[in-house]
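Remarks on the overall topology
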Amino acid sequence: MRHLSLRLRLTLLLAIATLIALGLAAWVVDWRADGEMQQRFDTALLARAQALAALTSIEGNRVELESGNTQTAAFPGNADEYWYELRCNGAIVARTMQVPPAMIVGNLLRFSDAHLRDGRALRVVSLRFHPAAGDNPESGGHSPAAPACDLRYALARGPLDDILDTLDLILIGSILGACALVLALTPWLVRRGLRPLAVLDVAMAGIGPDAPSRRLPRTGTPELAPLVARFNEVLARMDEGLSRERQFAAGLAHELRTRLAELRMLVDVETRYPSGREPRALLGEVGMIGAELEATVTALLQLTRIESGLQSLPREHVDLDALLTRVLARHADAAHARGVIEPAAPHTGIAIDTDPALLEIIIDNLLGNAIAYAPPGDTIVLRCARDKLQLDNAAQLLDTDDIARFGQRFWRKGAGENGAGHAGLGLALSSAAARALEMRLQFTLEAGRLRAELSW
């Protein structure tokens, strides 16, 4: 069934289930009906045998039927309908022309099936009784001298078998008819039942890269609602990943184009109008442009990995003093070159459980951004507390509208020497890392000073 359609599979399963259920029900009905009709037939057979036994009486020393005829049927009618044989003390008292087949006669009633020589089926009952003058054999009363009589009485069970066979045919026909009806109606019923899937099929046909915001419509079918919800979640994650890839490609293309344009201009100028500079200086400038390109690509890749959840977050016990000391030492030369007074390494004794790599990325970018944009002679202030870290520097060129754009990729305030060599990715990378660590990064501007606050 692996390669069958869902519609045909449901049709076959329903037909098989219907056949099994109706077959079992028919078997139970047939078993109960056969038992009930057999019991009623045996009751009628026993009543006729007891009626014949009631006609048996003792006249003197002889046992005879009240009719006085000891060799013919005691009841009027067709001899082909019933057969009997009555024996008392081993002697035949009365019988029909044909007698039922011999069977063991005991003190208890006994029913059995038998056949005549011509093949006709019989139902035979045998009983033993003691006839007595003036006594009813059914009551069981008899004198000690009363002989024991054995009676075998049979009726043709052909009519009963005909009724049972007709009932069997009716039940079998009903089962086959019901299965045929199920097979005929199930495809239509399955089509109606699977109509919500057809609606989803039409909706899925319009989903693709050209329509990234499209989603499957909500359905009221309980079985399909979880499937639609999960599929929409997958589409949302795919759209987010596609958006990140497009953003990465667009940003990388923008930065590569800018840096390559600078490199090409440098080569063209030196080719057409040689400046006479030493090759070492030219190669150093080319190497600087290459280093900026490498830093940009690295930052974009890291930012994409963090936002897509590919960056693992192992939590460790991080000594904040040691981390800050390491970051401050890394930026000491840059701060000295710009004439910015860098804060001294703190001694707070604070330790937090977090990912040390991502936390270092956040602090490194915040400090690097402060050193790059703080005016010469400014003092960068670093404060630490149990639940937050603050870093502020002078920022006369910023206004309140610029704060709202912090964290956007490839955005930086103005140009000139402060913007040289920066792709505008530092704050975006810090913001993404803070979200991954479930921390909060806020920027405020007060009295011309920019404050970055990282809280956990």
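This one's a predicted model, so the numbers in the text were calculated from it and none came from an experiment. (Residues numbered from 1 in each chain as written. Predicted model: local features only at pLDDT ≥ 70, side-chain atom pairs only at ≥ 80, totals over all residues. Heavy atoms only, no water.)

Let's talk about the overall build of the protein
Let me state the cut-off plainly: Put simply, DSSP H or I for four residues or longer makes a helix, DSSP E for two residues or longer makes a strand, and each gets a number counted from the N terminus. In what follows, residue pairs with any heavy atoms lying within 4.5 Å of each other are defined as contacts. Residue-level accessible areas treat just the shown protein chains as cover; the underlying method is Shrake-Rupley with a 1.4 Å probe.
Counting its regular elements, the protein contains ten helices and 13 strands. Within the protein, residue pairs in contact and separated by at least 24 positions form 64% of the contacts whose partners lie at least 6 positions apart. If you sum the accessible surface of the protein, you get close to 26800 Å²; carbon and sulfur atoms cover 58% of it.

What about a nonpolar patch on the surface?
Applicable threshold: Residues enter a patch when their relative accessible area is above 30% and they make no salt bridge; the linking distance is 9 Å between like charges and 5 Å between nonpolar side chains (Val, Leu, Ile, Met, Phe, Trp, Tyr). We count a salt bridge whenever a side-chain nitrogen from Lys or Arg sits within 4 Å of a carboxyl oxygen from Asp or Glu. Using a 1.4 Å probe on the protein chains alone, a residue whose accessible area is under 20% of its type maximum counts as buried, one over 50% counts as exposed, and one in between counts as partly exposed.
Among the surface-exposed residues, Leu8, Leu12, Ile16, Ile20 and Leu24 lie close enough to one another that they form a single nonpolar patch of about 450 Å² accessible area. Topologically, Leu8 is positioned in helix α1 (residues 6–54). In this structure Leu8 comes out as partly exposed when scored by relative accessible area, which is 39%.

What to know about empty space enclosed by the protein
Any space left empty among the atoms is revealed by the rolling of a water-sized probe across them. The following threshold applies: Lining residues are those with an atom within 4 Å of a point, where the points come from a 1 Å grid over the protein atoms alone and group into cavities, where a 1.4 Å probe fits but cannot get out, or pockets, open sets with protein on both sides within 12 Å along at least five of seven lines. Grid points are joined across faces, edges and corners, and a volume is the space filled by probe spheres set on the points.
Inspection of every chain in the model, using the stated rule, returns two cavities of 30 Å³ or more. In this structure, the largest cavity spans a volume of roughly 60 Å³. As for the largest cavity, its lining consists of Leu366, Asn369, Ala370, Leu391, Asn393, Phe406, Leu427, Phe443, Leu450 and Ala452. Elements that contribute at least two residues to the lining of the largest cavity include exactly α8 (356–373), β11 (388–394) and β13 (449–455). In terms of residue count, α8 provides more of the lining of the largest cavity than any other element does, three residues in total.

Regarding the sheet that holds strand β7 (residues 149–156)
Put simply, the rule reads: Should DSSP find at least two bridges between two strands, the strands are taken to pair. Helix axes are fitted only over the stretch in contact, all axes being lines through C-alpha atoms; the angle between N-to-C directions runs from 0 to 180 degrees.
The strand order across the open sheet formed by five strands is β4-β3-β7-β6-β5, and the pairing between neighbours is antiparallel. Of all the strands in the sheet, the pair left with one neighbour each is β4 (91–95) and β5 (110–115). Direction aside, the axes of adjacent strands within the sheet are offset by 20 degrees on average. Two strands pair when backbone bridges link them, and strand β6 (residues 121–129) and β7 are joined in this way by eight bridges, in the antiparallel orientation.

Thoughts on the packing of aromatic side chains
For clarity, the cut-off: Only Phe, Tyr and Trp rings are paired, with Trp represented by its six-membered ring, and only when their centres lie within 6.5 Å; those with planes under 30 degrees apart are stacked, over 60 edge-to-face, the remainder tilted.
Tallied over the full model, the rule gives three aromatic pairs. With centroids separated by 6.2 Å and ring planes inclined at 5 degrees, the aromatic side chains of Trp27 and Trp31 adopt a geometry described as stacked. Here the residue Trp27 and the residue Trp31 both occupy positions in helix α1, the gap between them amounting to four residues, near one helical turn. Judged by its relative accessible area of 53%, Trp31 falls in the exposed class. Each ring, one from Tyr82 and one from Tyr153, has its centre 6.2 Å from the other, and the planes form 5 degrees; the classification is stacked.

Things to note about the confidence of the model for the protein
Using the following cut-off: On a scale of 0 to 100, pLDDT captures the predictor's confidence in every residue.
Mean pLDDT for the protein: 77, with 79% of residues reaching 70 or above. Counting interchain partners and residues more than four positions distant, the pLDDT-below-50 stretch residues 68–78 has 24 contacts. Low confidence marks residues 134–142, where pLDDT is under 50. Its contacts with residues over four positions away, or in another chain, come to ten contacts.

Describing the packing of helix α6 (residues 320–330) against α8
The relative placement of two packed helices comes down to the angle between their axes together with the axis-to-axis distance. Test applied: Orientation labels follow simple angle bins: below 35 degrees gives roughly parallel, above 145 gives roughly antiparallel, 65 to 115 gives roughly perpendicular, and whatever is left gives oblique. Rotating anticlockwise by less than a right angle from the far helix to the near helix defines a left-handed crossing, while the corresponding clockwise rotation defines a right-handed one.
Interaxial distance between α6 and α8 falls to 10 Å at its minimum, and their mutual angle equals 45 degrees. The orientation of α6 with respect to α8, classified from their angle, is oblique. Considering how the two elements wind past one another, α6 and α8 form a crossing that is right-handed. Residues Leu320, Leu323, Leu324, Arg326, Val327, Leu328 and Arg330 of α6 touch α8, and the partners they reach there are Pro356, Leu359, Glu360, Ile363, Asp364 and Leu367.

Considering unusual backbone geometry
Phi is mostly negative for residues that are not glycine, and the peptide bonds are mostly trans. Here the phi dihedral of Glu438 falls at roughly 60 degrees; this positive angle occurs in a residue that is not glycine. Following the sequence through the fold, Glu438 ends up in the loop between α10 (426–436) and β12 (440–446).

Considering the environment of Arg330
The criterion, for reference: Counting of polar contacts relies on pairs of N or O atoms within 3.5 Å, with two restrictions inside protein: one atom must be capable of donating a hydrogen and the other of accepting it, and residues adjacent in sequence are counted only when both atoms are side-chain atoms.
The topology assignment puts Arg330 in helix α6. Sequence-wise, Arg330 and Asp364 are 34 residues apart; in three dimensions their C-alpha atoms are separated by 8.7 Å. With near-sequence residues (within four places) excluded, Arg330 lies in contact with Glu360 and Asp364. Among the polar contacts made by the side chain of Arg330, one reaches the side chain of Asp364 at a distance of 2.6 Å.

Thoughts on the sheet that holds strand β10 (residues 381–384)
Strand order in the open sheet formed by four strands is β10-β11-β13-β12, with antiparallel pairing between adjacent strands. Strands with a single pairing partner mark the edges of an open sheet, and in this sheet they are β10 and β12. Across the sheet, the axes of successive neighbouring strands diverge by a mean angle of 15 degrees, strand direction being ignored. Looking at chain direction, β11 and β13 are connected through seven bridges and run antiparallel. Along β13, the bridge assignment pairs Lys388 with Ser455. Contacting β10 and β11, α6 runs over the sheet at an angle of about 165 degrees to β10. Sitting on the sheet, α8 touches β11, β12 and β13, and the angle it makes with β11 is about 15 degrees.

What about the pattern of salt bridges?
Per the stated rule, a full pass over the model turns up 17 salt bridges. Close ionic contact of Asp161 with Arg157 constitutes a salt bridge, the shortest N to O distance being 3.0 Å. Owing to a relative accessible area of 8%, Arg157 belongs among the buried residues under this scheme. Within the structure, one salt-bridge network assembled from shared partners comprises Asp42, Asp113, Arg123, Arg157 and Asp161.

A short note on the pairing of β11
With respect to burial, β11 is a largely interior element, six of its seven residues being buried. Bridge count for β10 against β11 is four bridges, and the pairing is antiparallel. When the bridges of β11 are listed, Cys384 appears paired with Leu389. With antiparallel pairing between neighbouring strands as the criterion, β10 and β11 make up a hairpin whose turn holds three residues.

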